[in-house]
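Here is what each chain is made of, one letter per residue.
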Amino acid sequence: MESRRRVRWALAREEDHLADNQTRTQNQSQNQSQNQPKSTTIVKYEKSSCLFCNEWFDAQTFTEHLIHCGQVLEECPNSCQVFIPRIRMRSHLKECPRSKNLHNQRLSVSMDRLDQQSDHRLQALEQDISTIRSVLNEEIRQRLHLITDVGNIRKQNQVVEDWTRGTDDSLGGLRRQLEEEASQRAYAAEQNQIDFQYCCNITQSLKDQVEIKLDEAQKLVNQLSIDVTFHQNQLNDNILKLEELIFENERLNRDKFFRIEEFLQQINEDIKSKLGTSDYATNKQATLDYEVKNVKNIVCETEERCDKLQSVVQDLDRSLHQTMQNLSDLENQMAMQQRIASVQNIRGHLIFRIKDYSKKLDEAKQYDTILHSAMFSNKAFGYALRLDIYLNGKGTWKGRNLIACLNVLSGEYDPLLTWPCRLQAEVVIRDQCSNLLEAQDYVKTIFVRKKSDDFIQSNQYFHIPHKVITSRNYLRNDSMFIEVRVMK
């Protein structure tokens, strides 16, 4: 009975030890598993250690070992109040002081008691074995859970440490990047302030230069207007003088013709009155022939003078028209300089309407006039562009084609733009068909290049035959629409 109590006491101590370990492990795992997911890894241990002999046994043989373990303490059956390990009980009984006197008396009693105890012990051991097995199974299960939780906690701690280390490195990198970005932004802000001040200075200087050039252009236009007025007055005076001279020559020629007719009549009368005198008639005929030749020479000279005067008048008319065209161009340039700083069309898209096409084509055939479109830009604060059109052509294409080009003009923001300038644009002759689905526009692609803002541009011209313009509905109500789209 005493040995059974010792076994129960050992098992109770083992259960208390396991319960304490389980409680501490569960507390740690609960604190760690609130933010970490549980792992599904299961670790199994198949052996347990004995608390008396510290040896490891399988789960099946552990309970049986506790019953027969030689290190289990048992009380001496002679009541000497000594607890001896089971393996040394026989040697103790031989040396026990009370065993010699009571040996014979209690031998029979002890044998009976041992038999009864053995029976009771066997029954108790069977119950204890079943209890121990269930306790051991529960302990093993709890140990497995605890080991699994500890492994998960260790892995989670390792992951947390790695994550913390990576987070610290990332935070350090972010702090360095923030410091670098702050310094770069400060430098960029200072540089932008300097650039803004520089742009303001350039804009102010450009405004001053534009105002000076506008004043000079205004003075030049005024002088040209005075010169044109003076030349026009002189031209009118010369034309009046030429007309008077022509009238005077016509009057003189008319008088000479009248005299010649009178003279011829006199000659005829003389011929009729003096038919008998042949020598006199021959002389008169010779004189008459000479006079006729003189009159013819005078008429030819007069016609030549009239032709020369007519060519002079045409040259003067042409020069006057060219002067007026130059004056109009200067006025347009002045207006253009005034509009350069505030170009409204900044989307790279222009639609140019040509009204009175027939009249302007006749003027182009007679005076070689040029049509200029409105100013526009490829983008905000971009290149200043203009479409120039020769309705009657130019050079070898003259008389059969429309010639046009896209010019890059001097703009207010040229110092801030990229040079050389390279642009691609589409020029479209719009088909003015009533049904838009059946319209077929005429499209031409051109390239515009300019080395710098102060470089004279060599324009790339494109031609459109007059036959194409008069076909379909490109020309309607004596008007034509030309669209320009600058590629981005």
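For the protein chain, the name recorded in an unreviewed UniProt entry is TNF receptor-associated factor 3, with Drosophila madeirensis as its organism.

## Here's the deal with the pattern of salt bridges
Per the stated rule, a full pass over the model turns up 11 salt bridges. For the salt bridge of Arg 485 with Glu 426, the shortest nitrogen-to-oxygen distance reads 3.2 Å. Here Arg 485 is found in strand β13 (residues 480-486), whereas its partner Glu 426 is found in strand β10 (residues 421-429), with 59 residues between them in sequence. A relative accessible area of 31% places Arg 485 in the partly exposed class. Here Arg 430 ties to Asp 441 by a salt bridge, and the two come within 3.8 Å at their closest N and O atoms. Of the two residues, Arg 430 is situated in the loop between β10 and β11 (442-450) and Asp 441 in the loop between β10 and β11; the sequence distance between them amounts to 11 residues. Look at the salt bridges and you will find they share partners, linking Glu 426, Arg 430, Asp 441, Glu 483 and Arg 485 into a network.

## Quick notes on the pairing of strand β8 (residues 384-390)
Every other side chain in a regular strand lies on the same face of the sheet, so the side chains alternate between the two faces. With 7 of its 7 residues buried, β8 lies for the most part within the structure. Burial along β8 is two-sided: Ala 384, Arg 386, Asp 388 and Tyr 390 facing one way and Leu 385, Leu 387 and Ile 389 facing the other are all buried. Summarising the sheet, strand β7 (residues 376-377) and β8 pair through 2 bridges and their orientation is antiparallel. Its bridge partner being in β8, Ser 377 is matched across the sheet by Ala 384. Where β7 folds back onto β8 in an antiparallel hairpin, the turn is made up of 6 residues, including Phe 381, whose phi is positive at roughly 60°. Bridging between β8 and strand β9 (residues 401-409) involves 7 bridges; their strand directions are antiparallel. Pairing of Ile 389 across the sheet is with Ala 404, part of β9.

The rules behind the values
- Residues numbered from 1 in each chain as written.
- Predicted model: local features only at pLDDT ≥ 70, side-chain atom pairs only at ≥ 80, totals over all residues.
- Heavy atoms only, no water.
- Salt bridge = Lys/Arg side-chain N within 4 Å of Asp/Glu carboxyl O.
- Helix = DSSP H or I, 4+ residues; strand = E, 2+ residues; numbered from the N terminus.
- Buried < 20%, exposed > 50% of the residue type's maximum accessible area, 1.4 Å probe, protein only.
- Pairing = 2+ DSSP bridges.

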